[in-house]
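# Observations on the three-dimensional arrangement
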Amino acid sequence: MLVVGSGVAGTIAAVSVARKGVHTILIERNNFPGGTAVTGLHCFICGLYVNDTNMPKNPINKGIVREVCSQLKALAPEKKVMRIGKVYVLPYSRQDLVSVFRSLIKKEKQDLEVLYNTQAVSVRTEQNTIAAVRVRGPKGVFNIMPRAVIDCSGHGVIIRLSGTKHQVSSLQQRQLAGYIFRVKGLKGRDNMAAVKVPYYLAQAYAEKKIPLYLKFTTFTPVDNIDEGLFKISIPPARDSIQLAKKDALVVHRYLCKVMPLFRDSYIFDTSSELLVREGTRLCGEYTLSANDVINARKFPDGTVKNAWPIELWDQKKGPQYRYLDHGDYYEIPVRCLKSSEISNLFCAGRCISVSQEALGSTRVMGTCMSLGERAGCEAVRMVNG
Ligand SMILES: Cc1cc2nc3c(=O)[nH]c(=O)nc-3n(C[C@H](O)[C@H](O)[C@H](O)COP(=O)(O)OP(=O)(O)OC[C@H]3O[C@@H](n4cnc5c(N)ncnc54)[C@H](O)[C@@H]3O)c2cc1C
């Protein structure tokens, strides 16, 4: 089995396949596992719990995702499930997530081979089957000829290279991308800062001091009292990390002037890449829709449960949220993880077969991990005939 991409979906997919005794190669272009969960400076795993009145005890999905959560808890017992608005999230540290992933991978060393700094560059198909994936890495350029491939690359690299049917929104329609930076040196704690930041930035936009997309910036205080995390929005057409860095400086400088909390603060960490919300997605055997999500639809082949709202980052209106009924959840059918054209192609994570709106709910990390495991199981089932 070949798994492409060692983000949250790919790492769990590869571990689940190797646990079933199938020899697995996991390729990753970075030199660490975790993908956006690490490069994005995120601090909360979303999509793990139902939005009930009671504090959830366990993730909604069973399986490896629960092992990940309990190992994170063992490493940082102080990081407890918390409620933000109407949803529950699990705080985590990136270092802990990387070490949990590394240890899950290491336990499978007999059947799981990980090639870091290695990229998939082309795909050869024969009779509606992927025959070979060409990869480039420290070991040179060579072909891998897998029985099945699971595309967990986030942006659907194998889906695109194989030429199977896929969907991608136009640049005008596509959701805003993100860029995250952390600041240190805050003056005390302002419990209203998360509300004041958008208020001041709305004023700055009204006075034509910043472009519209920077008005959608969010601020979250973090564990250390003098630190905070900003998430700025970037239009998909503005595809440059250098420009995102400039935007971050514009936002930070402005807030330093108008909010005493930030006056002596400084940027000390930034996401290492632009964080893309929406890329290439498979057109699979079924495409999950916004109605399926909002109406909490269950399917005979429902495989992963999710209660995360549809979080749509619209270029003109900013974030728009649509919630499921309290305590309810929907299911993602296994057909969303299977190509309808290429018999040995599966996918998990951000590039599964969902509509643009449904993706606003399915892309969160808790859900992507469970999707990884389910795609792994399906691919093994196919390989074992
Ligand atoms: C701005 C922003 C904020 C977010 N905040 C949160 C949050 O707070 N909580 C939350 O739960 N979710 C959040 N998300 C969503 C979440 O981070 C991602 O959707 C999720 O991590 C996707 O996981 P993945 O495994 O599908 O893909 P990725 O994390 O993108 O992993 C894909 C992996 O594939 C590798 N790869 C790509 N191409 C190749 C190739 N050709 N060859 C080899 N390897 C390749 C990449 O290096 C990467 O490691 C946020 C998303 C954005 C954009």
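Now for a quick tour of the structure.

## A short note on unusual backbone geometry
- The backbone of K208 shows a phi angle near 60 degrees, a positive value even though the residue is not glycine.
- By the element assignment, K208 lies in the loop between α6 (193-206) and β13 (218-221).
- Look at A296: it is not a glycine, yet its phi comes out positive at around 50 degrees.
- Along the chain, the position of A296 falls in the loop between α8 (290-294) and β17 (302-306).
- A relative accessible area of 8% places A296 in the buried class.

## Overview of the pattern of salt bridges
- By the definition in use, this model includes 17 salt bridges.
- R124 is the partner of E126 in a salt bridge, and the nearest nitrogen-oxygen pair spans 2.4 Å.
- Among the residues examined, R124 registers a relative accessible area of 38% and is labelled partly exposed.
- A salt bridge links K184 to E227; its shortest N-O distance comes to 3.1 Å.

## Structural notes on the sheet that holds strand β5 (residues 87-91)
- Strand order in the open sheet formed by three strands is β3-β5-β4, and the pairing between neighbours is antiparallel. One side of each edge strand has no neighbouring strand; the edge strands of this open sheet are β3 (44-45) and β4 (82-84).
- The sheet contact formed by β3 and β5 spans two bridges and is antiparallel. Across the sheet, residue I45 finds its bridge partner in β5, namely L90.

## Description of the site of the ligand
- Close to the ligand lie 34 residues, the nearest being E28, T36, F44, H155 and R363.
- Contact distances for the ligand include 3.1 Å between an oxygen atom and a backbone N or O atom of A9.
- Within the backbone of T36, one N or O atom sits 2.8 Å away from an oxygen atom of the ligand.
- Its free accessible area being 1000 Å², the ligand has 95% of it covered by the protein chains.
- Counting residues per element, the ones that place at least two in the shell around the ligand are α1 (8-19), β3 and β7 (119-126).

## Describing the packing of α1 against helix α10 (residues 365-383)
- Between α1 and α10, the least distance of the axes is 7 Å, while the angle of their chain directions is 35 degrees. For the element pair α1 and α10, the recorded crossing hand is right-handed. Taking contact as the criterion, the partners of V8, A9, I12, A13, S16 and V17 in α1 are, on α10, M365, C368, M369, G372, E373, G376, C377 and V380.
- Taken together, the residues of the contact of α1 with α10 break down into ten nonpolar, three polar and one charged.

## Structural notes on the pairing of β5
- Across the five residues of β5, five count as buried, placing the element largely inside the fold.
- On β5, burial covers both faces: V87, V89 and P91 on one face and Y88 and L90 on the other are all buried.
- Sheet topology places β4 next to β5; three bridges connect them, and they run antiparallel. Among the inter-strand pairings, I84 is bridged to a residue of β5, identified as V87.
- The turn joining β4 and β5, which pair antiparallel and follow one another in sequence, is formed by two residues; a positive phi near 60 degrees is taken by G85.

## Examining the packing of aromatic side chains
- In this structure the tally under the stated criterion is seven aromatic pairs.
- Taken together, a centroid distance of 4.8 Å and an interplanar angle of 50 degrees make the contact between F219 and F230 tilted. Of this pair, F219 sits in strand β13 while F230 sits in strand β14 (residues 228-234), placing them eleven residues apart in sequence.
- Overall, F230 belongs to the buried group, its relative accessible area being 0%.
- By the ring-pair criterion, three or more aromatic residues cluster together here, those being F181, F219, F230 and F262.
- The side chain of K184 reaches across the aromatic face of F268, ending 4.6 Å from its centre.
- Between the NZ or CZ atom of K298 and the centre of the ring of Y329, over which it lies, the distance is 4.6 Å.

## So, the side chain of N51
- Position of N51 relative to the elements: it lies in the loop between β3 and α3 (64-75).
- Classification of N51 as buried rests on a relative accessible area of 10%.
- In contact with N51, other than residues within four places in its own chain, are K86, V87, Y88, A307, H326 and G327.

## Here we look at the packing of α1 against α3
- One can describe the packing of α1 onto α3 by two numbers: an axis separation of 11 Å at closest approach and a directional angle of 115 degrees. The handedness of the crossing between α1 and α3 comes out as right-handed. Listed contacts from α3 to I12, V15, S16 and R19 of α1 are I64, E67 and V68.
- Residue composition of the contact of α1 with α3, by class: four nonpolar, one polar and two charged.

## Remarks on the layout of surface pockets
- Approximately 440 Å³ is the volume found for the second largest pocket.
- Broken down by secondary-structure element, the contributors of at least two residues to the lining of the second largest pocket are α4 (94-107), β13 and β15 (266-270).
- Both of domain 1 (2-170 + 278-383) and domain 2 (179-270) provide at least three residues apiece to the lining of the second largest pocket.

Rules used in this analysis
- Residues numbered from 1 in each chain as written.
- Predicted model: local features only at pLDDT ≥ 70, side-chain atom pairs only at ≥ 80, totals over all residues.
- Heavy atoms only, no water.
- Helix = DSSP H or I, 4+ residues; strand = E, 2+ residues; numbered from the N terminus.
- Buried < 20%, exposed > 50% of the residue type's maximum accessible area, 1.4 Å probe, protein only.
- Salt bridge = Lys/Arg side-chain N within 4 Å of Asp/Glu carboxyl O.
- Pairing = 2+ DSSP bridges.
- Near = heavy atom within 4 Å.
- Polar contact = N/O pair within 3.5 Å; in protein donor to acceptor, adjacent residues only side chain to side chain.
- Areas by Shrake-Rupley, 256 points an atom, 1.4 Å probe, with all protein chains shown as cover.
- Axes fitted to C-alpha atoms, helices over the stretch in contact; angles between N-to-C directions.
- Left-handed = near helix turned anticlockwise from the far one by under 90°.
- Contact = heavy atoms within 4.5 Å.
- Nonpolar A, V, L, I, M, F, W, Y, C, P; charged D, E, K, R; others polar.
- Phe/Tyr/Trp six-rings, centres within 6.5 Å; stacked < 30°, edge-to-face > 60°.
- Lys NZ or Arg CZ within 6 Å of the ring centre and 35° of its normal.
- 1 Å grid on protein atoms, 1.4 Å probe; cavity = no way out; pocket = protein on both sides within 12 Å on 5 of 7 lines; lining within 4 Å.
- Points joined across faces, edges and corners; volume = space filled by probe spheres on them.
- Domains from an automatic or database assignment.

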